[in-house]
Amino acid sequence: MNGADLLFSGQSVTLEAMLHARDSRAARQRQALDCYRLPLISFSLVAPGAVKNSPVWQRVAEYAQREMTAVCQQREWVTVWETRTDAPSGPEWMAAVCAPAKALKRQLVMLEQQHPLGRLWDIDVIDSDGRSLSRRELGLPARQCLICQQDAHVCARGRTHSLGLLLDEIARRIDSYERERSDGTAYAS
């Protein structure tokens, strides 16, 4: 068993469970939009492979939630509602925020790009009309592949890199970040 196998061992999730999680997330988004009529942050993880939730993935999600909250606090954007979901399909976090949706998206894309673990985070911003804002419409580049820095969607669709290679890279990034944190040199938002 290699390092990635040890880090990401846990319950495998089925395609049916992933589809159910997606539908449940969309229902929570609609409910929050109907109730608060504010932009939403909808967070999940980039977790290739069958194991989407483990103690490691939960820590990565906690780091992300802490950083997203810090961004909002620094910009004086008030979070009026939030919820966290912890299922075999992976940890998720959602928040309704008093903020301009495009500015919120820009700040969170910067966080994804600048934080050592940001590439492992899937942070969507949905405007108060229920439209998910894309990087492209804000003039921002597509997400890069974890391995080769090409467009992530192109590599994922083409299965350019093996699952083992992807998990090893993810494990390396998490290990490096957590070592820096324990040394007191971790990223500060």
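Scoring rules and cut-offs
- Residues numbered from 1 in each chain as written.
- Predicted model: local features only at pLDDT ≥ 70, side-chain atom pairs only at ≥ 80, totals over all residues.
- Heavy atoms only, no water.
- 1 Å grid on protein atoms, 1.4 Å probe; cavity = no way out; pocket = protein on both sides within 12 Å on 5 of 7 lines; lining within 4 Å.
- Points joined across faces, edges and corners; volume = space filled by probe spheres on them.
- Helix = DSSP H or I, 4+ residues; strand = E, 2+ residues; numbered from the N terminus.
- Nonpolar A, V, L, I, M, F, W, Y, C, P; charged D, E, K, R; others polar.
- Buried < 20%, exposed > 50% of the residue type's maximum accessible area, 1.4 Å probe, protein only.

Participant: Please give an account of the layout of surface pockets that cites residues and values.
Facilitator: Roughly 1,400 Å³ of internal volume is contained in the largest pocket. Along the wall of the largest pocket there are 44 residues; nearest its centre are Val-46, Ala-47, Asp-122, His-153 and Ala-156. At the level of elements, helix H2 (15–36), strand S1 (40–45), strand S3 (90–98), helix H4 (101–114), strand S4 (121–126), helix H5 (152–158) and helix H6 (163–183) are the ones that each hand at least two residues to the lining of the largest pocket. Element by element, the count of residues in the lining of the largest pocket is highest for H2, at six residues. Here the lining of the largest pocket is built from residues that sort into 22 nonpolar, eight polar and 14 charged. Here the second largest pocket is characterised by a volume of approximately 200 Å³. Along the wall of the second largest pocket there are 13 residues; nearest its centre are Glu-112, Gln-113, Arg-119, Arg-143 and Gln-144. Its residues assigned to classes, the lining of the second largest pocket comprises four nonpolar, four polar and five charged.

Participant: Account for unusual backbone geometry, naming residues and giving values.
Facilitator: Backbone phi values are negative for most residues with the exception of glycine, while trans is the configuration of most peptide bonds. Even without being a glycine, Arg-37 presents a positive backbone phi close to 50°. Among the structural elements, Arg-37 can be located in the loop between H2 and S1. Relative accessible area serves as the criterion here: at 59%, Arg-37 is assigned to the exposed category. Despite not being glycine, Gln-149 shows a phi value in the positive range, around 70°. In this structure, Gln-149 sits in the loop between S4 and H5. Look at Gln-149 and you get partly exposed, because its relative accessible area is 41%.

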